[in-house]
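Below, each chain spelled out in residue letters.
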Amino acid sequence: MGDCTLEKMEQDVKRQQLADRLAAIAHPHRLQILEELGRDECTCCGEVVSRLPIAQSTVSQHLKILAKAGLVEVNAAGQKSLYRVNVGAVRALLDDVADLRACCPPAVNPGSLKD
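Calculation criteria
- Residues numbered from 1 in each chain as written.
- Predicted model: local features only at pLDDT ≥ 70, side-chain atom pairs only at ≥ 80, totals over all residues.
- Heavy atoms only, no water.
- Helix = DSSP H or I, 4+ residues; strand = E, 2+ residues; numbered from the N terminus.
- Rg over C-alpha atoms; globule rule 2.2 N^0.38 Å.
- Buried < 20%, exposed > 50% of the residue type's maximum accessible area, 1.4 Å probe, protein only.
- Contact = heavy atoms within 4.5 Å.
- Areas by Shrake-Rupley, 256 points an atom, 1.4 Å probe, with all protein chains shown as cover.
- Lys, Arg positive; Asp, Glu negative; His and termini not counted.
- Charge placed at Lys NZ, Arg CZ, Asp CG, Glu CD.
- Core = buried A, V, L, I, M, F, W, Y, C linked by side-chain atoms within 4.5 Å.
- Salt bridge = Lys/Arg side-chain N within 4 Å of Asp/Glu carboxyl O.

Asks: So what's going on with the overall build of the protein? Residues and values would help.
Replies: Helix and strand counts for the protein come out as five helices and three strands. Reading the protein from its N end, one meets helices and strands in the order α-α-β-α-α-β-β-α. Its C-alpha atoms give the protein a radius of gyration of 19 Å, more than 25% over the compact-globule value 13 Å for 115 residues. When its C-alpha atoms are laid out on the principal axes, the protein stretches across 60 × 50 × 20 Å. Counting all 115 residues of the protein, 24% fall into the buried class. Of the contacts made within the protein by residues no fewer than 6 positions apart, 55% connect residues no fewer than 24 positions apart. Summing over all exposed atoms, the protein offers an accessible surface of approximately 8,200 Å²; the carbon and sulfur share of this is 56%. Across the protein, the mean location of the 14 positive side-chain charges is 4 Å away from that of the 15 negative side-chain charges.

Asks: Now, about the nonpolar core: what can you tell me, with residues and values included?
Replies: In this structure, Ile33, Leu37, Val59, Leu63, Leu66 and Leu71 are the most contacted members of the largest nonpolar core, which totals 19 residues. Mapped by element, the contributors of at least two residues to this core are helix 1 (2-24), helix 2 (28-37), helix 3 (45-51), helix 4 (56-68), strand 3 (80-85) and helix 5 (87-99). Setting aside residues no more than four positions away along its own chain, Leu71 makes contact with Arg21, Ala24, Ile25, Leu34, Leu66, Arg84, Val85, Asn86, Ala89, Val90 and Leu93.

Asks: Can you explain the pattern of salt bridges? Please cite residues and give values.
Replies: Within the structure shown, the criterion is met by 10 salt bridges. The partner of Lys8 in a salt bridge is Asp12, with the nearest N and O atoms 2.9 Å apart. Within this pair, Lys8 and its partner Asp12 are both found in helix 1, separated by four residues, close to a single helical turn. Lys8 gets classed as exposed once you look at its relative accessible area, which sits at 51%. A relative accessible area of 34% places Asp12 in the partly exposed class. A salt bridge links Arg51 to Asp40; its shortest N-O distance comes to 2.3 Å. Residue Arg51 is located in helix 3, and its partner Asp40 is located in the loop between helix 2 and strand 1 (43-44); the two are separated by 11 residues in the primary sequence. One continuous salt-bridge network, built from bridges that share partners, spans Glu36, Arg39, Asp40, Glu47 and Arg51.

Asks: Describe the side chain of His62, and please don't skip the residues or the numbers.
Replies: With respect to the element layout, His62 can be found in helix 4. Excluding its chain neighbours within four sequence positions, the residues that come into contact with His62 are His27, His29, Arg30 and Ile33.

Asks: Account for the side chain of Asp96, naming residues and giving values.
Replies: Within the element layout of this structure, Asp96 appears in helix 5. For Asp96, a relative accessible area of 14% puts it in the buried group. Asp96 has contacts with Lys14, Leu18 and Arg21, leaving out every residue within four places of it along the chain.

This is the structure in structure tokens:
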């Protein structure tokens, strides 16, 4: 019984982590920021701002959300912070989303349906 409860708790934690990561990318600007960060090895906030029509303060807030979700890594470089995509975390997110396909029935060919 203890193993079942532990397994359920682990599944609950995994679901919450997935929900948190999905929430972090559930904004068009954060998706744009991830795309921009993916173009370079490391990028400062100002560089992202120069590429997007988003205010610096807004980019900073979005970067914080992405970092808190573990999708972006932050490294201090003097007075600047350098950001980069956490590729492992993004791949894990994609794998977790792909696992959701198990709850979807196979696609049905509309031509095969009979009245």
